[in-house]
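Per-entry structural report
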Amino acid sequence: MTCRHCHEQHPNYFTYCPNTNGVIEKEPFKHTYATNDFCLSCGTKNEESGSFCSQCGEITIKRVEQKTTFNKVISETLKNVNVPNMGNIKGQELKNASKEKVNFFKNNPLFFVPIVVSILLIFMFTFIAKNSFLDVVTADLDHEQSAIVKAIMSDPSELEDKIYKESGIKLSIPKILSLPSLVTVVHNVKAEWNVVLDAGFTNNSIHISMDNVLFGLMLIPFIALAIGGVIYGILARKKNWSLYQGIVYSTIVYVIVMLVVSFISKFSTKLGQVETKGLFMIEASMDYSALDMIFSATILSIVIFGFAAILTYFNKSIFEKLSYQVKYVQYAMFSVAITFIGLLINFSNIYFSLDKKVLESETVSIFSSIYMGTWNWICTFFSKLHMNTSLDGFSENITYSLFDNEKSEVYQSYFYNSLFEGEKYSLLPSFILVLITIVLISAAGYILYIVHRMNWKECLIFAGMFTALQLMIIYFVNIQLDFAASDGYIQFSFSFEIILTALLVLIVSSASFAAGGYLRQYQLKK
């Protein structure tokens, strides 16, 4: 109990306060009612817990103090507390944030211009590549054959009209090289074509599945996104935009647009006996993987657009500014930079070894260099490229690596001898290419020493991020081409072993990164 005069606590059995001699008033307690176990009048046991005695009729109810349970304490404590509705708060915060974003976009109409420029450049570059490809394909054909090929691939409407005039059958021939279809293809999206023709006694079908076959064409979105990233970096620095939020929003816009383009590219048609006047039945479809498009567009936009934007945004002070960034951003930036430089060196090494007279086209030379240069870059981590060909049950497997004797068997074949000048397939020896890779990663370990401080966990984190980037590249360059017809089957593939390659890249990158760090540590101690 508490004395109301001195406000000190005293035992419950105190009647007077020892300090003030005042009467300690007992605090009023909350009460409730309960039944007695026995009647206070006759002593009969109240077995039914009734309010009145079953023998004499006297009341058996008594007033008792209400015990405070945990739930009562909580309810009494919180009954006067105004608890806000969290759902309303989150909803209001979301509305406010949305309004802020809308106002920001209204006040900054140039915010999405860089990614729009990238998208327009992709369409423009794809159109140029399409015309170059048609010129190469029709180079050895006469005028009539060339017109037919261009009509089928580019503008089949003339061919449709010709068939209709001659046979009265109205066919819908898909544009194999339509611009949306090609924009989808340059993102290395898995494509499938199916054609079934039932003409009386004969039934012919063709199924073509193409996965990563045209990964060399990814140079087109690569260049376009790099240009867009540079533009965004310049605008973000001048207008004080958020760098990383801009990259995220641009990526979302890019993925949505490319996904829409891939859906537009899909084609399906079906003609029965009635439409073809009883001559035949035909089914044709052209489909692209939406998941592949989402993955490819997301990776390309974040890595290429983001990397170019960051470089331009920080400009000459890139190394100074990076030192203030989160260490994982620094690891990611150096991983991308090493990969870009390594790929560029391997591309150049192959490009200047190709026999341009055989290829007859600068475009073909560039894309051939991209294929072989990428494979060589992965092989600098001591990985092996497996080339498999299956033709109607007969299969041939060849393994290529920079230091494998089987390499000569591949490059001395008719195809490779025609591409390269004799047996000269590389300007640089294999060990030099491997050494360049090790030096690039060691340089990163040397420069980032102040971040990792030779902590083995940090070295493994960098190696893990670097390995993840190389696995993305392998995902794009593992080629699979299937051609199935009624009279035969052909399968062709170029692939790296994912798990083994990942382990090799992790070992080489972590060891090289640590070696660069040890060199810097040694210099500082000295």
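Residues numbered from 1 in each chain as written. Predicted model: local features only at pLDDT ≥ 70, side-chain atom pairs only at ≥ 80, totals over all residues. Heavy atoms only, no water.

Some remarks on the overall build of the protein
A tally of helices and strands in the protein yields 19 helices and 10 strands. Burial statistics for the protein: of 526 residues in total, 38% are counted as buried. Across the protein, contacts joining residues at least 24 apart in sequence account for 67% of those joining residues at least 6 apart. Only carbon and sulfur atoms are counted for the fraction: they give 62% of the accessible area of the protein, which is about 30,300 Å². (Helix = DSSP H or I, 4+ residues; strand = E, 2+ residues; numbered from the N terminus. Buried < 20%, exposed > 50% of the residue type's maximum accessible area, 1.4 Å probe, protein only. Contact = heavy atoms within 4.5 Å. Areas by Shrake-Rupley, 256 points an atom, 1.4 Å probe, with all protein chains shown as cover.)

Focus: the nonpolar core
Trp375 and Phe462 are the most contacted members of the largest nonpolar core, which totals 89 residues. Residue contributions to this core peak at 11 residues, all from helix H9 (residues 290–314). (Core = buried A, V, L, I, M, F, W, Y, C linked by side-chain atoms within 4.5 Å.)

Points about a nonpolar patch on the surface
Residues Val195, Ile206, Leu391, Phe483 and Ile490 make up a contiguous nonpolar surface patch of roughly 370 Å² in combined accessible area. Looking at the element boundaries, Phe483 is found in strand E9 (residues 479–485). On the basis of relative accessibility, which here comes to 32%, the residue Phe483 falls in the partly exposed class. (Patch = residues over 30% accessible without salt bridge, like charges linked within 9 Å, V, L, I, M, F, W, Y side chains within 5 Å. Salt bridge = Lys/Arg side-chain N within 4 Å of Asp/Glu carboxyl O.)

Re the pattern of salt bridges
When the charged atoms of two side chains lie near each other, side chains of opposite charge can form a pair. Enumeration over the complete set of coordinates arrives at one salt bridge. Residues Glu458 and Lys327 are paired through a salt bridge, measuring 2.7 Å at the closest nitrogen-oxygen approach. Separated by 131 residues along the polypeptide, Glu458 in helix H18 (residues 456–477) and Lys327 in helix H11 (residues 327–351) bring together distant segments of the chain. Taking the relative accessible area as the measure of exposure, Lys327 reaches 28% and is therefore partly exposed.

Some thoughts on unusual backbone geometry
Backbone geometry follows two general trends: most residues other than glycine have a negative phi, and most peptide bonds adopt the trans configuration. A positive phi angle, near 65 degrees, is found at Asn188, a position not held by glycine. The backbone of Asn240 shows a phi angle near 60 degrees, a positive value even though the residue is not glycine. Among the secondary structure elements, Asn240 is positioned in the loop between helix H7 (219–239) and helix H8 (243–265). Taking the relative accessible area as the measure of exposure, Asn240 reaches 68% and is therefore exposed.

Digging into the packing of helix H16 (residues 430–447) against helix H19 (residues 498–525)
Running from N to C, H16 and H19 cross one another at 50 degrees; their axes reach a closest spacing of 7 Å. With respect to H19, the axis of H16 lies oblique. Judged by the sense of rotation from one axis to the other, the crossing of H16 with H19 is right-handed. Here H16 contributes Ile438, Ile441, Ser442, Ala444, Gly445, Tyr446 and Ile447 to the contact with H19, which in turn contributes Ser509, Ser512, Phe513, Ala515, Gly516, Gly517, Leu519, Arg520 and Gln523. Residue classes in the contact of H16 with H19 are distributed as eight nonpolar, seven polar and one charged. (Axes fitted to C-alpha atoms, helices over the stretch in contact; angles between N-to-C directions. Parallel < 35°, antiparallel > 145°, perpendicular 65-115°, else oblique. Left-handed = near helix turned anticlockwise from the far one by under 90°. Nonpolar A, V, L, I, M, F, W, Y, C, P; charged D, E, K, R; others polar.)

Side note on the confidence of the model for the protein
The predicted structure's coordinates, where accompanied by low pLDDT, should not be read in detail. For the protein, the average pLDDT comes to 76, and 69% of its residues sit at 70 or higher. Segment residues 77–81 is flagged for pLDDT under 50; beyond a separation of four residues in sequence, or across chains, it makes zero contacts in the model. Between residues 405–424, whose pLDDT stays under 50, and residues either more than four places distant or in other chains, the model counts 37 contacts. (pLDDT = per-residue confidence, 0-100.)

Quick notes on H18
Given a rise of 1.5 Å per residue, 22 residues ought to cover 32 Å, and the 31 Å separating the end C-alpha atoms of H18 matches this to within 8%. Among the residues making up H18, those that are buried are Glu458, Cys459, Phe462, Ala463, Phe466, Thr467, Leu469, Gln470, Ile473, Ile474, Phe476 and Val477. (Expected span 1.5 Å × (residues − 1).)

A word on the packing of H8 against H9
Each packed pair of helices is defined by two parameters, the angle between the axes and the distance between the axes. The N-to-C vectors of H8 and H9 enclose an angle of 150 degrees; their axes lie 8 Å apart at closest approach. You can see that H8 and H9 cross each other, and the crossing is right-handed. A breakdown of the residues in the contact of H8 with H9 according to their chemical character gives 18 nonpolar, six polar and no charged.

Thoughts on the packing of aromatic side chains
The geometry of an aromatic ring pair comes down to the distance between the two centres and the angle between the two planes. By the definition in use, this model includes 22 aromatic pairs. Aromatic pair Tyr331 and Phe513: ring centres 6.4 Å apart, planes at 90 degrees, arrangement edge-to-face. Here Phe513 lies in helix H19 and Tyr331 lies in helix H11, a separation of 182 residues in the sequence. Both rings, one in Phe492 and one in Phe494, keep their centres 5.1 Å apart while their planes meet at 45 degrees; by these two values the pair is tilted. Chaining the aromatic ring pairs together yields one cluster made of Tyr328, Tyr331, Trp377, Phe381, Phe462, Phe466 and Phe513. The ring of Tyr446 is capped by Arg520, whose NZ or CZ atom sits 5.3 Å from the centre of that ring. (Phe/Tyr/Trp six-rings, centres within 6.5 Å; stacked < 30°, edge-to-face > 60°. Lys NZ or Arg CZ within 6 Å of the ring centre and 35° of its normal.)

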